[in-house]
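So the chains spell out like this:
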Amino acid sequence: MKSHNQQIDLPELRERGTTLFIKREDELHKHISGNKFRKLKYNLIRAKKEGHSTLLTFGGAFSNHILATARAGHENGIGTIGIIRGEELRKNWKDNPTLQLAAKFGMRFHFVSRDEYRRKSTAKFLRSLQIDFGDFYLLPEGGTNTLAIKGCEEILTENDADFDIVCCAVGTGGTLAGLINSASRGQSVWGYPALKGDFLKEDIRTFAIKDNWQLMTNYHFGGYAKMNRELIDFINNFNDRTGIALDPIYTGKMLYGILDQAKKGFFSEGTRILAIHTGGLQGIKGMNLVLKKKKLPLLNI
Ligand SMILES: *Cc1c(COP(=O)(O)O)cnc(C)c1O
């Protein structure tokens, strides 16, 4: 499956001779957005081949991966279980648009404390899940494993070979690793982490086979799912100017970064950039509930 590249024509790019295209992976599927579609593809094939009737995975209340897994299970006749961070959600998960939709697609939830959630990859915790739920195919948090990287290697096609730089938002780094592996010769891959921390580089190195990449670590806005008025204004303004919606956790931060770098002269004259729109728009509804509570402006949908 291929998504199309859309040119972004803005004065701050034009003035400096920078060409920017956005790969619209967000349009691949209504519910299984962007990179989560790529990450699930070969895992679904494997799960079916091994005869599993249930997928089990982990995530927070707004997780794109949780909703993607729920929907993919629904479409493939496989049951899904979501281990959700935050015990308080046991009572009020119905107020959360992401979880509501995941439940509609048949996902069963198991809510755990933040402490328990931190221990989710230990053998002891996984054994307890097997006792509770029986056999399942395990998808790690964010869906990142070797088969997910294989799927993400299909984002770039031969038509993308003449871009100088490929940009992508980074959570676990799985998507970036796929882009790194499939980038053409001479192409650089730039990752924009949505969270603070130095562990990412090591994680990416376990999956990436080349060293044509770097991380731009100045654009996390304070950490994962952290946002401020400047970011929200940027996303709404970008939407007004281009007609493209961005999510506040990943793609909004990446594009803020790219345009900031363009203004600061990071790109030499004539540079051709391809930014991957990894999706995530389903989370905006829920994010707006949070923004409203914080008395911040809301994101336009
Ligand atoms: C999950 C996600 C990412 C991060 O992908 P990783 O492979 O975990 O780095 C980026 N953008 C969106 C919209 C996502 O949902």
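That block above? That's the structure.
Residues numbered from 1 in each chain as written. Predicted model: local features only at pLDDT ≥ 70, side-chain atom pairs only at ≥ 80, totals over all residues. Heavy atoms only, no water.

Draft legend 1. Quick look at the environment of His29. Its location among the elements puts His29 in the loop between strand 2 (19-23) and helix 2 (34-49). In contact with His29, not counting residues within four places along its chain, are Phe37, Arg71 and Glu75. A distance of 3.0 Å separates the side chain of His29 from the backbone nitrogen of Ile32, its partner in a polar contact. (Helix = DSSP H or I, 4+ residues; strand = E, 2+ residues; numbered from the N terminus. Contact = heavy atoms within 4.5 Å. Polar contact = N/O pair within 3.5 Å; in protein donor to acceptor, adjacent residues only side chain to side chain.)

Draft legend 2. The arrangement of the side chain of Asn212 in detail. Relative to the assigned elements, Asn212 resides in the loop between helix 10 (199-207) and strand 9 (213-215). Exposure remark for Asn212: the relative accessible area of 17% places this residue in the buried category. A polar side-chain atom of Asn212 sits 3.4 Å from the main-chain carbonyl oxygen of Ile180. Discounting chain neighbours no more than four positions away, the residues touching Asn212 are Ile180, Ala183, Gln187, Ser188 and Val189. (Buried < 20%, exposed > 50% of the residue type's maximum accessible area, 1.4 Å probe, protein only.)

Draft legend 3. Structural detail: the pairing of strand 7 (residues 165-170). Across the 6 residues of strand 7, 6 count as buried, placing the element largely inside the fold. Of the two faces of strand 7, the one carrying Ile165, Cys167 and Ala169 and the one carrying Val166, Cys168 and Val170 are both buried. As defined by bridge partners, strand 7 adjoins strand 8 (residues 188-193) across 6 bridges and the pair is classed as parallel. Bridge assignment links Cys168 to a residue of strand 8, and that residue is Gly191. (Pairing = 2+ DSSP bridges.)

Draft legend 4. Examining the environment of Asp198 more closely. Tracing the backbone shows Asp198 in the loop between strand 8 and helix 10. Put simply, Asp198 and Thr217 are 19 residues apart on the chain and 9.4 Å apart in space, counted from C-alpha to C-alpha.

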